[in-house]
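Chain by chain, the residues run as shown.
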Amino acid sequence: MAPWGLIGQAQVAVVSEETYNWSRPCEVHVVTLKAVDINVTVRGFVARVEASLTYHNATTNALELEFRMPVDEGAAVYKFEAVIDGRKISAKCMEKKKAEQIYKDAVQSGHTAVLAREDALTADVFHLALGNLPEGSQAELQLSMMMELKVKTDGAVSFTLPTVLNPRYCPLDISPSQHTESVAQTGNPETVIVSEAYTFGIKAKVRGGHIIARVTSHHDSLNVKLSDDSMSAEVTQDSGGFKPDHDWSMLIYYANPYKTHIIRESGERAGTGLMKDDLVMVNLHPEFPEESYSHRNEILFVVDRSGSMEGDCIQSACATLLLFLKSLPTGCYFNVISFGSTYSLLFPDGSQEYTEETLKKALELHGTIKADMGGTEILQPIKHVYSTPPKPGYARQIILLTDGQVFNVDQVKELVSCHAHETRVFAVGIGNGASTALVYGLARAGRGRAEMVYQQDKLQLKVMGLVRSMLQESAQDVKISFEVDPPGGIKLIPKNPPIIFGGQHLIMYVRVPTSTEVKNITVSGIVGCAEFKNCYNGSDIVTIHDEEKTLHRLAARAQINEWQIANEEDVAEDMITLSLATGVVCRWTALVGVDLDMKPVGHNPETTEFTSMVSRDLCLGASLNFELKKMRKKIYSSNKESPIRSRADTVDEVDTGKEAESEKEHYPVDYGKNLMAVVSLQKFDGSWTLEDVVKVTSLPHSLLAGATTYKNETSWATSVVLAFLEMKYSAEKDEWGLLANKARMFIARCGDDVEVLMEAARKVLAEN
């Protein structure tokens, strides 16, 4: 039993006869959350999630309830049911306006009805509505979805269940009519507290033909029961329970996650469109030539410094910026853009060549960064980047570091998509509740990659993985071909080849006629001046029969995501057709169901809305661990036409005094126990001095100076630090690998043999 009460924001109003919207605030009612139960089934690189929320109407009135809940941006939501006192209401996928009208008519006629739809402005928030919950009744809302799981930088297959929905900043140029579904309506609704505790249970099963090395979590203590053959696992939360003030995560380490894995799912013979044919999911890790890395890049590091980044997020962003600056290759151009309510550039006149002088200026900025720039106006700095053309002969790359607490996701994605031919975008979402719609959506629109970071000490690892992908030249003329028998009938979903990065997990979906045999799959293209070609044998395909059609629905979601950034004409009609055929909800459709068997409970029920917009610590429409004093803080702009701002974006919550300064990260004197401190000592050219080595290793200068022969003392010192990094921080090699390459190039330029000095350095460290 979790020791937390239900805390939410509730507004009660009478439904207007003219419009299905809020008309006037009135009395607050409480609907008690009794239990949250989550069941997860992981098979290889896909997961099926069934979320169940049980509520009880203890009032003497029939109520209408609305819940907002976070979902992963790539999740295929396909089923919504409600069980009320033993009766089940099953929702059907329909065109959105039609579904909303059916729901409205049912509620006004006294029937119990349910409605689930995607938020109007962002794909990672869902609205669940239950109309006419009878007095004294208990309702169990059940939402089902599928999710892709990708292999991350450290080899883990990561599953994250979003349970936190942060307040999100929405620019003033978004009119109220555009965000009526997205935020609470104007009028300062009441906040309610329910002291009753409720249960929160999570169970997971891992299956799918992979040997499981271990299962762990970023944050939570898990009970893991591994089968004797290590081919399956049962996972539950430990006896301490789950406190949903953070996103629940599970990391699955397969024995060989990089092995090509191809699954063929049989279709529905009586189905239509996509559901009728078989669907092949291809999981692979294509390899690029070593010479695919380029130094001719213009790299823009865009840092979110809004108030919501305060604390661990901004400290991690500072550490990552330092690592980024030290790892840049000579010959590139760079700039640092800070943004909040406004934005500022390190170099106002545009990107500068990476030199010792420009690095010094960047490090000065690094030492002053705070979360002190107000709201999260992400659109304007991105517009500024695109207002000038890329430098001739250089590939322009943006790397965005943000907590993603914004609502104008589509505006930003559309802008990024329009410039994808000239600028790639890489994005990192920091912390629980970061918008997956923004982070993954921008990377998809900008033909880059994205990472979500839920554990702060993983931030540098993931950012440096993105930097390595960023320094790879773009794959051109990508072709995905299939040898099939009989020929023809193969369709890639989505139709455009996916973005390919060397060594990164690539997922493709292929629609295959039921009678067609797939013999071989080939992925080829050109990177820089080199060709790459990866071939995969069709005999490795595993055929499965899944009644839920998981792969079909994930393919549909992938196609829907591409259409949403493609800006093609008449795409809405295609999206609706695919959504109705597969049941996967999109922005133009919704799930609706009506209980026609029950006697109508009366007209114009009072309406209660529980919204997750009050605090960071919200779970599936309910907020937990939210202190009473925080509820007294205003989270609304003084402009009543303006939507909710982030909890730390309001002026009275941004601490710019001495207390905030005292929280600024300072590197300890013990350089040997802090990787970032070692990084901070590296010079622009990639070198370290013997004085630096003394600080790092605590070895005497005289011992180091006479330990071996060398042509250049600084190259010897650099070799010792590299050997120290290998010995002390081998597990973090992905974080310092790029700056190590820079150091090796320095040693070679000095005329010393890199490997000879490295071997001597290892010997000195081992003996002392």
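What counts, and at which threshold
- Residues numbered from 1 in each chain as written.
- Predicted model: local features only at pLDDT ≥ 70, side-chain atom pairs only at ≥ 80, totals over all residues.
- Heavy atoms only, no water.
- Pairing = 2+ DSSP bridges.
- Helix = DSSP H or I, 4+ residues; strand = E, 2+ residues; numbered from the N terminus.
- Axes fitted to C-alpha atoms, helices over the stretch in contact; angles between N-to-C directions.
- Buried < 20%, exposed > 50% of the residue type's maximum accessible area, 1.4 Å probe, protein only.
- Contact = heavy atoms within 4.5 Å.
- Disulfide = S-S within 2.5 Å.
- Core = buried A, V, L, I, M, F, W, Y, C linked by side-chain atoms within 4.5 Å.
- pLDDT = per-residue confidence, 0-100.
- Polar contact = N/O pair within 3.5 Å; in protein donor to acceptor, adjacent residues only side chain to side chain.

Moving on, we come to the sheet that holds strand 17 (residues 261-265). Read across the open sheet, the 5 strands follow the order 27-28-18-17-31; overall the sheet is mixed. Pairing within the sheet leaves two strands with one partner each, and these edge strands are strand 27 (491-493) and strand 31 (542-544). The mean inter-strand angle of the sheet, taken between neighbouring strand axes irrespective of direction, is 25°. Relative to strand 31, strand 17 runs parallel, the two sharing 3 bridges. Following the sheet pairing, Ile263 is matched in strand 31 by Val542.

In spatial order, the strands read 26-29-30; together these 3 strands make up an open sheet with antiparallel pairing. Only two strands of the sheet have a single neighbouring strand rather than two, namely strand 26 (475-485) and strand 30 (530-537). When the angles between neighbouring strand axes are averaged without regard to direction, this sheet yields 15°. Here strand 29 (residues 517-527) runs beside strand 30; their pairing, made up of 8 bridges, is antiparallel. Residue Gly525 lies in a different strand from strand 30, and its bridge partner there is Phe532.

On to the pairing of strand 3 (residues 46-57). Among the 12 residues in strand 3, 9 count as buried, and that is most of the element. Direction of pairing for strand 3 relative to strand 10 (residues 138-148): antiparallel, over a ladder of 11 bridges. By the bridge assignment for strand 10, Glu50 is matched with Ser144.

We now examine the pairing of strand 14 (residues 222-226). Bridge count between strand 14 and strand 15 (residues 233-237): 5 bridges; the pairing is antiparallel. Considered in strand 15, the bridge of Lys225 is made with Glu234. Between the end of strand 14 and the start of strand 15, which pair antiparallel, lie 6 residues, with Ser230 showing a positive phi angle near 60°.

With that out of the way, let us pick up the environment of Leu400. Tracing the backbone shows Leu400 in strand 23 (residues 395-402). Residue class for Leu400 comes out buried when judged on its relative accessible area of 2%. Between the alpha carbons of Leu400 and Leu300 there is a distance of 8.4 Å; along the sequence they are 100 residues apart. When sequence neighbours within four positions are dropped, the list of residues in contact with Leu400 reads Val302, Phe339, Ile378, Phe426, Ala427, Val428 and Leu442.

What follows deals with the state of the cysteines. Joining two cysteines, a disulfide is a covalent bond between their sulfur atoms. Inspection of the entire model under this criterion finds 0 disulfides. Cys93 supplies the cysteine sulfur nearest to Cys586, a cysteine that is in no disulfide, at a spacing of 7.1 Å. The buried category is assigned to Cys586, whose relative accessible area is 0%.

A few words on the nonpolar core. Judged by nonpolar contacts, the single largest core of 79 residues is most densely connected at Ile38, Val42, Phe80, Phe159, Met250, Ile252 and Tyr509. Element by element, the count of residues in this core is highest for helix 8 (residues 550-566), at 7 residues. Counting 74 residues, the second largest nonpolar core, distinct from the first, contains Met309, Val721, Ile747 and Ala760.

The predicted model of the protein chain has a mean per-residue pLDDT of 79, with 80% of residues at 70 or higher. The low-confidence segment residues 1-28, where pLDDT is below 50, has 106 contacts with residues more than four positions distant or belonging to other chains. Between residues 176-195, whose pLDDT stays under 50, and residues either more than four places distant or in other chains, the model counts 68 contacts.

Relative to the helices and strands, Glu548 resides in the loop between strand 31 and helix 8. By relative accessible area, Glu548 is classed as partly exposed at 21%. Along the chain, Glu548 and Arg48 lie 500 residues apart, while their C-alpha atoms are 9.3 Å from each other. Contacts of Glu548, omitting those with residues within four sequence positions, involve Arg48, Tyr78, Lys79, Met146 and Arg553. Of note is the side chain of Glu548, whose polar atom sits 2.7 Å from the side chain of Tyr78.

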